[in-house]
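# Examining the three-dimensional arrangement
Below are the chains, spelled out letter by letter.
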Amino acid sequence: MSAEKEGDTLCFFINGKKVTVSHAEPETTLLSFLREELRLTGTKYGCGGGGCGACTVMVSRYQPATKTITHYSANACLLPLCQLHGAAVTTVEGVGSTRTRIHPVQERIAKAHGSQCGFCSPGMVMSIYTLLRNRPQPAMDDITHALQGNLCRCTGYRPIIDGCRTFCQEADCCQANGAGDCCLDGEETLEETQREKPELFDKREFLPLDPTQELIFPPELILWAERAPPQTLTFRGERMMWVSPASLEELVQLKTRNPEAPLVMGNTNIGPDIKFKGVLHPLIISPTRVLDLFEVTQTPHGVWVGAGCSLTEVRSLLEKLLPQFPEEKTEVFRALSQQLGNVGSLQIRNVASLGGNIMSAYPNSDLNPVLAAGNCKVSVISNGGKREVPLNRDFFVSFGKTILKPEEIVVSVFIPFSRKVLNILTLNPVLWIKFQLGLDVSEALRLPGVIDVITAKDVPGQKVRKMFGYEEVLLAETEVSCVGQMICAVVADTRVHARRGAAAVKIGYEDLPEPLFTVEEASEKSSFFEPRRMIEKGNVAEAFKTVDHVHQGEFRMGGQEHFYMETQSMLVVPVGEETEFNAYVSTQWPTGTQDAIAEALGIPSNRVTCHVKRIGGAFGGKVVKTATLACITAVAAWKTNRAVRCVLERGEDMLISGARHPVLGKYKVGFMNDGRIMAADMQYYTNAGNTVDESPLVVEKILLHIDNAYNIPNLRGRGAACRTNLPSNTAFRGFGVPQSIMVLENMLNDVAMVLGHPADQIREINMYQGPSVTHYGLEFSPENLRRCWDQCKGKSDYAARRRAADRFNQDNRWKKRGVAIVPIKYGIAFAESFLNQAAALVHVYKDGSVLVSHGGTEMGQGLHTKMQQVASRELGIPPSKIYISETSTNTVPNTCPSAASYGTDANGMAVRNACQTLYQRLEPIRQKNPKGSWESWVKAAFFDKISLSATGFYRGPDLYMDWDKMAGRPYAYFTFGACFCEVELDCLTGDYRVVRTDIVMDIGRSVNPSMDIGQIEGAFLQGLGLYTLEELKFSPAGLLYTRGPSQYKIPAVCDVPLRFNVYLLPDSHNPHAIYSSKGIGEPALFLGSSVFFAIKDAVAAARSESGLVGPFPLDSPATPERACLACASPFTQKIPASTPGSFKPWALNM
Ligand SMILES: Cc1cc2nc3c(=O)[nH]c(=O)nc-3n(C[C@H](O)[C@H](O)[C@H](O)COP(=O)(O)OP(=O)(O)OC[C@H]3O[C@@H](n4cnc5c(N)ncnc54)[C@H](O)[C@@H]3O)c2cc1C
Ligand code: FES
Ligand code: FES
């Protein structure tokens, strides 16, 4: 048998260079080969499971039969290295680089500000690059399809689309509606809208796209494919053998002898199983070179499609056939083609095979129900011969099982011309969880490559971290209080060996007698992290006695996973002989990490230097939890005296590192007939999880924002952080404010519904006006809040849109349009005064170049660019002379976290202070030689023995909040904004599309408008995700189900509003921040709730058709399921809700 021969040599091309691997490891993916063997780290590891697109590469193959070269995008994280024999791979390094030549795709995405943290950018570039290789002048639809599988957590996608749009020919139309439609619906021309918005880039500066400059397909591979007779290929690895037969006969023989060996085609099912479930296949059969599996044959009754054809190929085949036949014959073709467009992403569809999809027998397969309903069948082959098997409900036995015999191979799939009735097929999923008893690391230690297992006993210093009087253990010793708590860490020579080691550690649990998961359970048992807080203005109890109406309600909001594209990552390197460590950490708080490592190792902080180059997104999730992980990594580095790297897999990251706090809000509101709210009493219960983290501060911030934009004369808020047995939650952009205001705004919506008034009127009547005072006694002027509101109404043409939506709703029964407009007043800076300080260090070198260091970290928000701008302005030199290398604790010590939208304010002042010192020192030199150049002054200063290095410091405002007195000045100022949104809702499915969004934001005099607009759009989209899309699901036993992009959906390119306008409020000044600017990182996130309220508005219109008026519950996120059920259509009403207690819910209601 061919499988018994010596291993073959794997040969393929990467970026035009030949790569030969003599002992190819079948378990290696292209991604790990690129990153770990070739050190081509431009291709990123975001999820490892094909769900994020960060690892996108272009694969090119020569087809000898047609003499054509095909290029397709693929996820390198799922591509088995062994499958690349004879292929040419292009990675981002092969496309262009700053060292050689930037490719037009890279240039345009960058110049359109489509890159913030940059982690997604190489994947985006590769998706568009591949598209352009196939279609140099794409349509807008092609662009959005190409980017379907590329997630970005920072930008809001608009700038990426704008950059890519410049490759399209259709200059006059945005094409955003797909199918060639323009989003403007003929209302106004694109020119009119563009006139009002700042030009963010100049298209004329772009390099032209010149296809002749691209890498050619290696001629050697063409010759090879033409001449080499097909022969079996075998690759032998540590635990696995890979055999790629060259003919169907050989394939049948192999499968007969090894019926349990899987056939790997696209590897999109087998790959994740190997990786995430630890499944081991000693033999893999790869039939991708068996031509019979790719044949297509037309018959009078339909078409036979080779089972090996990729889903993309099947779709284009169907699209080609559709116009050739009458409509009634092609219903199945059409249904299948439509479904194919929805399967995964383009990268997945390019490799996933039709046969693989069928044989994976997923209960949630998009294709199998259509194939079964369309009376399709498969032709299978085995040693016993050929047979045809119908793809009906008997075909699928259970999850992953079909009625085919293990040795049978699907050769092709028959898709018939349509007949009349379609049946629907469903499968039953099976899920189980298994626990083992006994704690044992011995097996792990015996595995190849495993060096050590670190437990709590190994921690030489403090084993716990203390916060707010509570202790959090680094590694659990005797008790674990949630699923996902860390117990030990396996140190190994490679990532693969470490994973195998971790899987081999045996841990036994005795179940906690009464675990608490929900806020209700925690409250009942008084399980809180103290202090609980209360704030009151006026006399709420008395006010309720005098109002026309009293209404009570509650609102539940789920948490949110940070989903920064770069997972928690760190490298700790022992250096020197004095117990010294260099920690390279993806953290928002280098000092916090430095201190934590020093405490864990029992050494002074001066022996630990924490370095941060840049961070692939953070959003609050890389402050506290990162330091804990860094401590464990440091202990491993200390114990083994070796450099240790820790990079969490996406699933582990989601499980371990916490999320935004889910909240239950209860409210009682008293109001008058004219809509004035006289009293409100609000209670917030946050689900803090098993450790305290920053939860008490989140509760405080919630209470400080319960007024949002409204002057409610009698206002009371109470807040509690519930201690539960879920993973500990942590800071997330907005730090409780998005939860706080959401409950309030929902309450306002209820008031509007009770009174039957438009919600915007209720908001307007109650909005702060004239000199105002918050419920904690802070005086401020709401003038800019009002201006944002009015301008937003004007720019969005609110009144006309409202009328148009009402008209649309009258004309449509099952589709409804909803509109909403919400304001935001967001407090900037830290109430904990010491956190507002910042420092900087600026060196001027003799050649005039300047090195700036400051305490803030660059995580995509553009802080370094803004600091460069500050230094440039203060020193009077171009930004090109200024460089920021990294943030490190040995250049700027005792830094505060980059958080609270305060990075630019604080660090900008510190950089300015240092630069002003230097500028003043140079003054005498400048006076002597006023016409001299910067370089000449610097040189003269050096010879004059003037120090060319200066520190800068900013003390920050002295803010405080006295919770006993319920008064204070916790914020330096407010950032204001308003957002209009319109959605169209399909009431039968709950599916919706954001038709239009208009944001007006007051950010003072922006230091960098392009960046700030990027922050606003990114935050808005993250808010849209929070309020309408992203859902964390836990099992009843507290296990997080949603541990990857397949289960947890963040906004993708298809979720961007069809029309998305952001305006900056003109003529706004802010005396409290650098150059009169305002902090902007967080405030716009809440504006995503306008989508929620627009959906709620559309739902209300649907309900009114069923005679239902008045307030109704709709929790956040308003997912399609929730929106559909809330519509209370006659169809959903036919399904009575199950009686609570009569069933076991599959997920927790946190
Ligand atoms: C990120 C991601 C998103 C996805 N999204 C969707 C989605 O939205 N909708 C959806 O329906 N699916 C989705 N999928 C599933 C995907 O469509 C399937 O995994 C894919 O079609 C399987 O094909 P494959 O070629 O990759 O199979 P492989 O992983 O290569 O093989 C899968 C199984 O099929 C068997 N097999 C393959 N070919 C044959 C054959 N010719 N004869 C007999 N057995 C065979 C193999 O032995 C193996 O057991 C998604 C997958 C991923 C990773
Ligand atoms: S890393 Fe490959 S798709 Fe996410
Ligand atoms: S820029 Fe896209 S993930 Fe950060």
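Anyway, here's the lowdown on the structure attached to this text.

## Observations concerning the pairing of strand β25 (residues 644–647)
Side chains V644 and C646 project from β25 onto a buried face, and the interleaved R645 and V647 project onto a face without burial. Here strand β22 (residues 569–575) runs beside β25; their pairing, made up of four bridges, is antiparallel. Bridge pairing links L571 to R645 in β25.

## Overview of the site of ligand 1
Surveying the vicinity of ligand 1 reveals 30 residues, the closest of which are M265, G266, T268, S353 and D366. Within the side chain of N357, a nitrogen or oxygen atom sits 2.9 Å from an oxygen atom of ligand 1. Within the backbone of V410, a nitrogen or oxygen atom sits 2.9 Å from a nitrogen atom of ligand 1. Surface burial for ligand 1 is 88%, taken as the share of its 980 Å² of free accessible area covered by protein chains. It is helix α14 (residues 354–360) that contributes the most residues to the shell around ligand 1, five residues altogether. Classifying every residue of the shell around ligand 1 gives 14 nonpolar, 15 polar and one charged.

## Quick word on helix α26 (residues 783–796)
In an α-helix, one full turn covers 3.6 residues, which means residues spaced three or four apart are oriented alike. Relative to the 20 Å expected for 14 residues at 1.5 Å per residue, α26 spans 20 Å between its end C-alpha atoms, a close match to the ideal helical length. By the burial criterion, the buried members of α26 are N784, L785, R786, C788, W789, C792, K793 and S796. Residues of α26 that are buried make contact with α25 (759–766), α27 (798–811), β31 (815–828), β39 (973–986) and β40 (992–1002). Phi for D797, located one or two positions after α26, is positive at around 55°.

## Quick look at the nonpolar core
If you look at the biggest cluster of nonpolar residues, it comprises 201 residues, and the most contacted ones within it are Y157 and L1087. Counting residues per element, this core draws most heavily on helix α24 (residues 737–755), which supplies 11 residues.

## Quick notes on the packing of aromatic side chains
With the rule as written, the count across this model stands at 23 aromatic pairs. An angle of 80° between the planes, with centres 5.1 Å apart, marks the rings of F1092 and F1093 as edge-to-face. Owing to a relative accessible area of 0%, F1092 belongs among the buried residues under this scheme. One residue, K795, lies across the ring of Y1063, its end atom 4.8 Å from the ring centre. In this arrangement the basic side chain of K846 is found over the ring face of F942, its NZ or CZ atom lying 5.0 Å from the centre.

What counts and what doesn't
- Residues numbered from 1 in each chain as written.
- Chains lettered and ligands numbered in written order.
- Predicted model: local features only at pLDDT ≥ 70, side-chain atom pairs only at ≥ 80, totals over all residues.
- Heavy atoms only, no water.
- Buried < 20%, exposed > 50% of the residue type's maximum accessible area, 1.4 Å probe, protein only.
- Helix = DSSP H or I, 4+ residues; strand = E, 2+ residues; numbered from the N terminus.
- Pairing = 2+ DSSP bridges.
- Near = heavy atom within 4 Å.
- Polar contact = N/O pair within 3.5 Å; in protein donor to acceptor, adjacent residues only side chain to side chain.
- Areas by Shrake-Rupley, 256 points an atom, 1.4 Å probe, with all protein chains shown as cover.
- Nonpolar A, V, L, I, M, F, W, Y, C, P; charged D, E, K, R; others polar.
- Expected span 1.5 Å × (residues − 1).
- Contact = heavy atoms within 4.5 Å.
- Core = buried A, V, L, I, M, F, W, Y, C linked by side-chain atoms within 4.5 Å.
- Phe/Tyr/Trp six-rings, centres within 6.5 Å; stacked < 30°, edge-to-face > 60°.
- Lys NZ or Arg CZ within 6 Å of the ring centre and 35° of its normal.

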